[in-house]
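Read off the chains here:
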Amino acid sequence: ETERAKLLSERVATVYRGAFERGKITRDEHDQRLARLAVASGFDVLAEADLVFDTGQVALRDGTPPPGPETIWVVLGAAGQVARRRDDIPGHERLLGARLYRPAYRPGLVELLVPDGCHADAVARLAGFLTSIRRTVVRQKAIGFSVGDRMMMAMLRAGLALVDGGVSPYEIDAAARGLGFRAGPFELADIDGLRETQDRLIAGQGADGGASATDTGLLASRILAGATGKSAGKGVYVYQAGRRKEPDRAVLSWVENRKADPEGIVARVDPGTALQAALVNEAARIIGQNAVLRASDIEVVMAKGAQFDPDRGGPLIQADFAGLLGLLKVMKLAAPLAPDVWQPAPLVDDMVKNGRGFFRRPFA
């Protein structure tokens, strides 16, 4: 524990030193912040803490002092990790989850995962604290993965289904950028690591009322070939010196041989529209489960967390302006490729039937 505390202290010092060297903070700010840093080891300190950020990497043993009654305990990760900590700390009403976006020390988005029974004061105090340090906070129910993860996994599952049908992953990434994303699903998979991405997809099977089965296809093939992502120099893309990436001929060959679309659906579906339909369908599932307070919360997550171009308004407002009827037709057409991705959610059918959109705008 002492060694862990030392490493943590050194890491914090490295972050602040980098901020000073880049001119983000002054020397006085650098010195004052490090002077306020106190590092301790052992579980006893938890009982006196006002706020605990828990990475889930440390097992709480029998006899560990429980958190104080006013301690806000924040589990960093998916709702499943929140549930496990609630088993470790039974009866604690101030335990909730948070999904932070990298790098965590910079202002950005935080998704609060609020389980049933969580004390409202804990949610309000945590949201207030995060807002005070310039974070954008989106509250959601702690069921399955966060909204951001669910939306991006839906787009990746759609991409994998299209790849299985013979579409190049590089065309899919280009289509995602055309929608307004800074990077496509396969670019992001390479950055996160293909093994980690595959594990996340498998863990999400059925957890959110969406995917019931996940064939990771291309990802599994690349992992078996030792191409595990950007850090390895090769994943879906090949990475050259200076981080320049290029398509991999082995991937294109795999896609050509993989073609699994006996009904010829892929030839009738535009990749960009198919990705948009997958996003809209997953958003409708999220809203239908009352996982967020409003549709605009999903738009905020897309813009602040998934780096969707805010000038384009977000995928849901785009869908409202374009008209959901066309996307519903695409969902029904593409559903045989991956029912967990494109089988229309009841809310989509309902909105089309009643002539309204996510923001109650008339269809185009």
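Before reading further, recall that the structure is shown in the block above.
**Description of the packing of helix α5 (residues 147–164) against helix α12 (residues 295–304)**
α12 packs onto α5 with a crossing angle of 75° between their chain directions and a minimal axis gap of 9 Å. As far as their axial angle goes, α12 and α5 are roughly perpendicular. Here α5 contributes Val-147, Gly-148, Met-151 and Met-152 to the contact with α12, which in turn contributes Ile-298, Val-301 and Met-302. Residues of the contact of α5 with α12, tallied by class, amount to 6 nonpolar, 1 polar and no charged.

**Concerning unusual backbone geometry**
Notably, Asn-290 is not glycine yet its phi reads approximately 55°, a positive angle. On the secondary structure map, Asn-290 appears in the loop between α11 (271–288) and α12. Look at Gln-307: it is not a glycine, yet its phi comes out positive at around 60°. Tracing the chain through its elements places Gln-307 in the loop between α12 and α13 (315–322). Using a relative accessible area of 39% as the deciding quantity, one classes Gln-307 as partly exposed.

**Focus: a nonpolar patch on the surface**
On the surface, a cluster of nonpolar side chains totalling about 230 Å² of accessible area is made up of Leu-8, Leu-37 and Val-39. Its location among the elements puts Leu-37 in the loop between α2 (27–36) and β1 (51–54). The class of Leu-37 is partly exposed, set by a relative accessible area of 33%.

**Digging into the sheet that holds strand β3 (residues 95–100)**
The sheet built from 5 strands is open, its strands ordered β1-β2-β3-β4-β5 with mixed pairing. Strands with a single pairing partner mark the edges of an open sheet, and in this sheet they are β1 and β5 (136–141). Shown here is a sheet whose adjacent strand axes are inclined to one another by a mean of 30°, direction ignored. Relative to β5, strand β4 (residues 109–114) is paired through 6 bridges, and the arrangement is parallel. Directly across from Leu-109, in β5, lies its bridge partner Thr-136. Running at roughly 130° to β5, α12 makes contact with β4 and β5 of the sheet.

**Considerations on the packing of aromatic side chains**
Evaluated as defined, the whole model comprises 3 aromatic pairs. Consider the rings of Tyr-170 and Tyr-237, whose centres lie 4.8 Å apart with planes at 65°: the pair is edge-to-face. Of this pair, Tyr-170 sits in helix α6 (residues 169–179) while Tyr-237 sits in strand β6 (residues 237–239), placing them 67 residues apart in sequence. Here Tyr-170 and Tyr-237 have matching classes, each one buried. With a centroid separation of 4.9 Å and 90° between ring planes, the pair formed by Phe-181 and Phe-308 is classed as edge-to-face. Taken together, the residues Phe-181 in the loop between α6 and α7 (185–192) and Phe-308 in the loop between α12 and α13 connect sequence positions 127 residues apart. Like Phe-181, the residue Phe-308 is buried in the burial classification.

Reading the values: rules and limits
Residues numbered from 1 in each chain as written. Predicted model: local features only at pLDDT ≥ 70, side-chain atom pairs only at ≥ 80, totals over all residues. Heavy atoms only, no water. Axes fitted to C-alpha atoms, helices over the stretch in contact; angles between N-to-C directions. Helix = DSSP H or I, 4+ residues; strand = E, 2+ residues; numbered from the N terminus. Parallel < 35°, antiparallel > 145°, perpendicular 65-115°, else oblique. Contact = heavy atoms within 4.5 Å. Nonpolar A, V, L, I, M, F, W, Y, C, P; charged D, E, K, R; others polar. Buried < 20%, exposed > 50% of the residue type's maximum accessible area, 1.4 Å probe, protein only. Patch = residues over 30% accessible without salt bridge, like charges linked within 9 Å, V, L, I, M, F, W, Y side chains within 5 Å. Areas by Shrake-Rupley, 256 points an atom, 1.4 Å probe, with all protein chains shown as cover. Salt bridge = Lys/Arg side-chain N within 4 Å of Asp/Glu carboxyl O. Pairing = 2+ DSSP bridges. Phe/Tyr/Trp six-rings, centres within 6.5 Å; stacked < 30°, edge-to-face > 60°.

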